[in-house]
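Working through the structure, step by step
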Amino acid sequence: QVQLVESGGGLVQTGGSLRLSCAASGRTFSSYSMGWFRQAPGKEREFVAAISWDIVKTSYADSVKGRFTISRDNGKNTVYLQMNSLKPEDTAVYYCAADDFRLLLQVRPAAYDYWGQGTQVTVSS
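Reading the values: the criteria
- For every chain, the first residue of the written sequence is number 1, and numbering continues from 1 along that sequence.
- Restriction of local features to residues with pLDDT of at least 70 applies here, the model being predicted, together with a cutoff of 80 or more for giving and counting side-chain atom pairs; totals for whole chains, interfaces and linings are based on all residues.
- The side-chain values count all of the structure's non-hydrogen atoms but skip hydrogen atoms and water molecules.
- Secondary structure elements follow DSSP: runs of H or I of four or more residues count as helices, runs of E of two or more count as strands, with numbering from the N terminus.
- Here the radius of gyration uses the C-alpha set of atoms, whereas the globule reference equals 2.2 Å times the residue count to the power 0.38.
- Exposed residues in this analysis have more than 50% of their type's maximum accessible area, buried residues have under 20%, and partly exposed residues fall in between, with area computed by a 1.4 Å probe over protein chains only.
- Here the nonpolar core consists of buried residues drawn from Ala, Val, Leu, Ile, Met, Phe, Trp, Tyr and Cys, with membership extended through side-chain atoms lying within 4.5 Å.
- Here, the term disulfide refers to a pair of cysteine sulfur atoms separated by no more than 2.5 Å.
- Whenever a carboxyl oxygen of Asp or Glu lies within 4 Å of a side-chain nitrogen of Lys or Arg, that contact is scored as a salt bridge.

Overview of the overall build of the chain
Counting its secondary structure elements, the chain contains 0 helices and 11 strands. Counted from the first residue to the last, the chain has its helices and strands arranged as β-β-β-β-β-β-β-β-β-β-β. The C-alpha radius of gyration computed for the chain amounts to 13 Å, which stays within 12% of the reference 14 Å derived for 125 residues, consistent with globular compactness. With the C-alpha coordinates of the chain rotated into their principal frame, the extents come out at 40 × 25 × 25 Å. In the chain, buried positions account for 43% of the 125 residues.

If you want it as structure tokens, here you go:
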């Protein structure tokens, strides 16, 4: 079992920045690939970014490439999402998730095994 707790969400103006954190406890954090997803009202949950267990590989949705950066600190059992140049369309609840499949980074929510409770990000225009 892995427990995930997100933090760092809030209200920011267009063009601003936020850094989300996801603290993990339970089984060995460093053995999991980690992902960030988001869900806006009335929309399906969508992939944002993922990072491999060994920090070698990252993957991003086209909509956030060049603006968002995923990172992790295995010593602190934490994964981060640095979000810059935020846009109103980035408004959503952001979730972190853990995947015990280590061979590749997955973008489907159903592929992930553990989820946090989410943190709200609101970007005002």
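Focus: unusual backbone geometry
Leave glycine aside and you will find that most residues have negative phi; peptide bonds, for their part, are mostly trans. A positive phi angle, near 65°, is found at Ile55, a position not held by glycine. By secondary structure assignment, the location of Ile55 is in the loop between β5 (46-51) and β6 (58-60). Although it is not a glycine, Ser85 adopts a positive phi angle of roughly 50°. Locating Ser85 in the fold gives a position in the loop between β8 (78-83) and β9 (92-99).

Regarding the nonpolar core
One finds Met34, Trp36, Leu81, Met83 and Tyr94 to be the most contacted residues of the largest nonpolar core, which totals 36 residues. Elements with a minimum of two residues in this core: β1 (2-7), β3 (18-26), β4 (33-39), β5, β7 (68-73), β8, β9 and β11 (119-124).

Focus on the state of the cysteines
In total, this model carries 1 disulfide according to the counting rule given. Two residues share a disulfide in this structure: Cys22 and Cys96, whose sulfurs sit 1.9 Å from each other. Disulfide Cys22-Cys96: torsion about the S-S bond near 45°, hence right-handed. Taken together, the positions of Cys22 in strand β3 and Cys96 in strand β9 put the pair 74 residues apart, joining distant regions of the chain. Taken individually, Cys22 and Cys96 each receive the classification buried, so the pair is uniform in this respect.

Examining the pattern of salt bridges
A complete count under the given rule lists 4 salt bridges for this structure. Across the pair Arg38 and Glu46 runs a salt bridge whose closest N-O atoms are separated by 2.6 Å. The exposure class assigned to Glu46 is partly exposed, which follows from its relative accessible area of 36%. For Asp90, the salt bridge goes to Arg67, with nearest N and O atoms at 2.8 Å. Taken together, the residues Asp90 in the loop between β8 and β9 and Arg67 in the loop between β6 and β7 connect sequence positions 23 residues apart. Looking at Arg67, the relative accessible area reads 10%, which means it is buried. Overlapping salt bridges bring together Arg38, Glu46, Arg67 and Asp90 as one network.

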